[in-house]
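What the coordinates show
Each chain, written out:
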Amino acid sequence: MLDFIYYPVSWILWFWHRVFGFAFGADNGLSWALSVVFLVFTLRLVLYRPFVRQVRTTKQMQELQPQIKELQKKYKNDRQKMATEMQKLQKDHGFNPLMGCLPILAQVPVFLGLFHVLRSFNRTGHGFGQLGMDPYTNAHTPNYVFNADDVQSFLSARIFGAPISAFITAPVDELQAFADYGGVPSKISIAAVAIPLMVIAAIATHFNARASVARQTPEAAANPQAALMNKLALWVFPFGVLIGGPFLPIAILLYWVSNNIWTYGQQHLVFGRMAKEEEAKALERKEKQAQNAPKPGAKPVDTKKKTAKPGEEDADPADEGAAGTNGSTPTKAAGKQSGQRRSSGQKRPGNRGRANQKRRR
């Protein structure tokens, strides 16, 4: 049913096994372990660009959180209007909330596909999804793109004496599949490899979550839903790795550890680049402000133009020239018509002197 996932995962795993098998030997446990690790790296490299978009989307959501809260408060009684305004806000700022979940959602089928392919190297169990094959039939039955020789090579691979497809809680009859290919492993040897990987995976999960929480804005961290998710990511998920580890094959634990290592390095790389981009934008804004600012000692220029008041007109130079040719200065002519002006700006009446002369007479 999910062959469209199982076959691509098998092809990637097969390719890396050919690469490392050429260097270390096809039956070497290190070859198979590195094949699983580089399967993770290949898939995460494919998902790199969606991861960058996820980080940018998450940051935009945090920056727009005040506007989102304002819309929720304004249209709390009108769900349809709130949805419309939220879509408009998302469109105006050019982001899609689904991009924040895409990389995580894309890893789920990969994890399930890898779990199924690795489990299918040993199909002697009788539990859910198992075929109940006998050890001989299992060793001579192909597993997707892997032929019978590859299946036998996988059963022979060991890491410190433990098969990478074995898990701590594996039934004894299921461990019989390894009898002709390196012997039946003991639960102690399996636990000696699986438990350290479980602890490393749990610690790596915790520190990845801590790095993500530290980059959140105070407004986003104060959100009740975000606070709940932060607690789950910091404590519940790492504890879940310790609880579920005994039921997972060693190869899956390798997948978990390598995936967290890649995530940790990728986060620092992406957030470091984004920080440099913000610094460059801030420096560019400062340079523009410095270019527009007046030079030291220069008087600022007022760019606002003064508009003439209604009723006031500029003097015509031709009229001033005509007044000069009549033998009277423009100042005297203006004084005869409108009177002289005091220093305070008030207009002095032009017939003030004549009235005083009449009283004296």
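See above for the structure.
Below you will find a few notes about this structure. Please read these numbers as outputs of a predicted model, since none were measured by experiment.

1. As for empty space enclosed by the protein
Where empty space is left in the structure can be found by rolling a water-sized probe over the atoms. Tallied over the full model, the rule gives one cavity of 30 Å³ or more. Looking at the largest cavity, its volume works out to about 50 Å³. Along its surface, the largest cavity is lined by V40, L43, R44, L47, Q107, V110 and Y255. Contributing elements (two or more residues each) for the lining of the largest cavity: α2 (29-46) and α6 (102-119). For the lining of the largest cavity, the leading source of residues is α2, giving three residues. Of the residues in the lining of the largest cavity, the class split is five nonpolar, one polar and one charged.

2. Focus: the packing of helix α10 (residues 187-214) against helix α13 (residues 250-292)
A pair of packed helices can be characterised by two numbers: the angle between their axes and the separation between those axes. Axis separation between α10 and α13 bottoms out at 9 Å; the angle between their running directions is 25 degrees. Of the possible angle classes, the one that applies to α10 and α13 is roughly parallel. For α10 against α13, the interelement crossing comes out left-handed. Residues of the contact of α10 with α13, tallied by class, amount to 16 nonpolar, six polar and no charged.

3. Quick look at the pattern of salt bridges
All chains considered together, the criterion is met by three salt bridges. Across the pair E85 and K81 runs a salt bridge, and its minimum N-O distance is 3.3 Å. Note that E85 and K81 are positioned in helix α5 (residues 79-93) at a spacing of four residues, about one turn of the helix. Among the salt bridges present, the one from K288 reaches E284, with a minimum N-O distance of 3.9 Å. Here K288 pairs with E284, and both are found in helix α13, just four residues apart, close to one helical turn.

Reading the values: the criteria
- Residues numbered from 1 in each chain as written.
- Predicted model: local features only at pLDDT ≥ 70, side-chain atom pairs only at ≥ 80, totals over all residues.
- Heavy atoms only, no water.
- 1 Å grid on protein atoms, 1.4 Å probe; cavity = no way out; pocket = protein on both sides within 12 Å on 5 of 7 lines; lining within 4 Å.
- Points joined across faces, edges and corners; volume = space filled by probe spheres on them.
- Helix = DSSP H or I, 4+ residues; strand = E, 2+ residues; numbered from the N terminus.
- Nonpolar A, V, L, I, M, F, W, Y, C, P; charged D, E, K, R; others polar.
- Axes fitted to C-alpha atoms, helices over the stretch in contact; angles between N-to-C directions.
- Parallel < 35°, antiparallel > 145°, perpendicular 65-115°, else oblique.
- Left-handed = near helix turned anticlockwise from the far one by under 90°.
- Salt bridge = Lys/Arg side-chain N within 4 Å of Asp/Glu carboxyl O.

Structural measurements only, silent on function.
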